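Descriptive analysis of the structure
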Amino acid sequence: MTHREAQALLDKIVAQVFGYKNPFTLEAFMQKFAFDIRLPQEVTDAVDGKPTWALSTSPVKFVRMENAGTLEVGGASANTDGLRPKRPLHDLDDVINAWSEVNFTTAQRVKDSINVSESDVIMNSENVFRSQDIRKSKNILFSDGMQNCEFVAASQRNGGLSFGIRVEDSGDCTNCFAVSWSGKLTNCMFVHDSIDTQDSMFCTGVRGKRFCIANMQYTEAEYRKIRDMVVRWVLTN
């Protein structure tokens, strides 16, 4: 996925969630909305020296998934199913040294997915940019731990999310921003621990409500006037 494609995807998500044209570049959006989300980090492929992306940077040496299976690593060969000639190991130093020669951590792991870039551990997904642990999802940006989701940015640990920004630990939500530990929300912002709620903001623990602000009931006209003010504030760059 190219940066241009990722920018176009971000523009679409922001327009759908907030109803306004996206004012952010990819970098500005990531810094403002994904600052606390675990994202893949750029590392160097120890086999060919090219950049790659890894979920964890704790290991010392990395190798891209494509290189791990096709190029020789520490003398091991794909033609020998990863084995190399045996040599005597006389003491623990010999064991540790031998291990260091093949101790490569696979990075940029992508399986059964298309149009993925700067990401790690992506399975059965498409159109994924700078994200990790994405499964059966599509159109994902700057996110961690998505399953059966689409059109999501700067979110983590969700299932069944569609058009969401900064949503976490939630399921079956649509057109939401800054939502956590909730389910079946639609058009909500800054809502936590709630369920089956629509068009509400700054609420916690509400059930089956609509047009609520800070757990107080408002008319639709009152709600939409205040929502527009809040959205303009959120989108201030």
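Model, not experiment: these values are computed from the prediction.

The next point concerns the pattern of salt bridges. Evaluation of the coordinates by the stated rule reveals 15 salt bridges. Residue D48 is joined to R64 by a salt bridge in which the shortest nitrogen-to-oxygen separation is 3.0 Å. Taken together, the positions of D48 in the loop between β1 (41-44) and β2 (51-54) and R64 in strand β3 (residues 62-64) put the pair 16 residues apart, joining distant regions of the chain. Classification of D48 as partly exposed rests on a relative accessible area of 31%. Between R130 and E118 there is a salt bridge whose closest N-O contact spans 2.6 Å. Here R130, found in the loop between β8 (126-129) and β9 (132-135), pairs with E118, found in the loop between β6 (114-117) and β7 (120-123); they are 12 residues apart in sequence, far enough to count as distant. Just as R130 is buried, E118 falls in that class too. Salt bridges here are not isolated pairs; linked through shared partners, they connect D199, R210, E220 and R224.

This part is about the nonpolar core. With 36 residues, the main nonpolar core has F18, F29, L141, F142, I165 and F177 as its most contacted residues. Contributing elements (two or more residues each) for this core: α1 (3-18), α2 (26-33), β12 (150-153), β14 (162-168), β15 (174-180), β17 (189-192) and α5 (220-234). Top element by residues in this core is α1. It accounts for seven residues. The residues contacting F142, other than those within four sequence positions of it, are L26, F29, M30, A34, I37, L39, F129, R130, S131, A153, A154 and S155. Grouped together as the second largest cluster of nonpolar side chains are 18 residues, I122, I140, V152 and C173 included.

Another aspect to go through is a nonpolar patch on the surface. A contiguous nonpolar patch, built from L89, L92, V95, I96, W99 and V102 and spanning about 560 Å² of accessible area, is present on the exposed surface. Locating I96 in the fold gives a position in helix α4 (residues 92-102). Note on I96: relative accessible area 42%, which makes it partly exposed.

Another aspect to go through is the packing of aromatic side chains. Taken as a whole and judged by the stated rule, the model has 12 aromatic pairs. Here F190 and F202 contribute two aromatic rings whose centre-to-centre distance is 4.7 Å and whose plane-to-plane angle is 5 degrees, an arrangement assigned as stacked. With F190 in strand β17 and F202 in strand β19 (residues 201-204), this residue pair connects regions lying 12 residues apart in the sequence. The class for F202 is partly exposed, based on a relative accessible area of 35%. A ring pair is formed by F190 and W233, whose centres lie 6.2 Å apart and whose planes are at 35 degrees; its orientation type is tilted. Highlighted residues: F190 in strand β17 and W233 in helix α5, separated in sequence by 43 residues. The class for F190 is buried, based on a relative accessible area of 19%. Here a set of aromatic residues connected by ring pairs shows up, and it is made of F18, F24, F29, F33, F129, F142, F177, F190, F202 and W233.

About the thresholds
- Residues numbered from 1 in each chain as written.
- Predicted model: local features only at pLDDT ≥ 70, side-chain atom pairs only at ≥ 80, totals over all residues.
- Heavy atoms only, no water.
- Salt bridge = Lys/Arg side-chain N within 4 Å of Asp/Glu carboxyl O.
- Helix = DSSP H or I, 4+ residues; strand = E, 2+ residues; numbered from the N terminus.
- Buried < 20%, exposed > 50% of the residue type's maximum accessible area, 1.4 Å probe, protein only.
- Core = buried A, V, L, I, M, F, W, Y, C linked by side-chain atoms within 4.5 Å.
- Contact = heavy atoms within 4.5 Å.
- Patch = residues over 30% accessible without salt bridge, like charges linked within 9 Å, V, L, I, M, F, W, Y side chains within 5 Å.
- Areas by Shrake-Rupley, 256 points an atom, 1.4 Å probe, with all protein chains shown as cover.
- Phe/Tyr/Trp six-rings, centres within 6.5 Å; stacked < 30°, edge-to-face > 60°.

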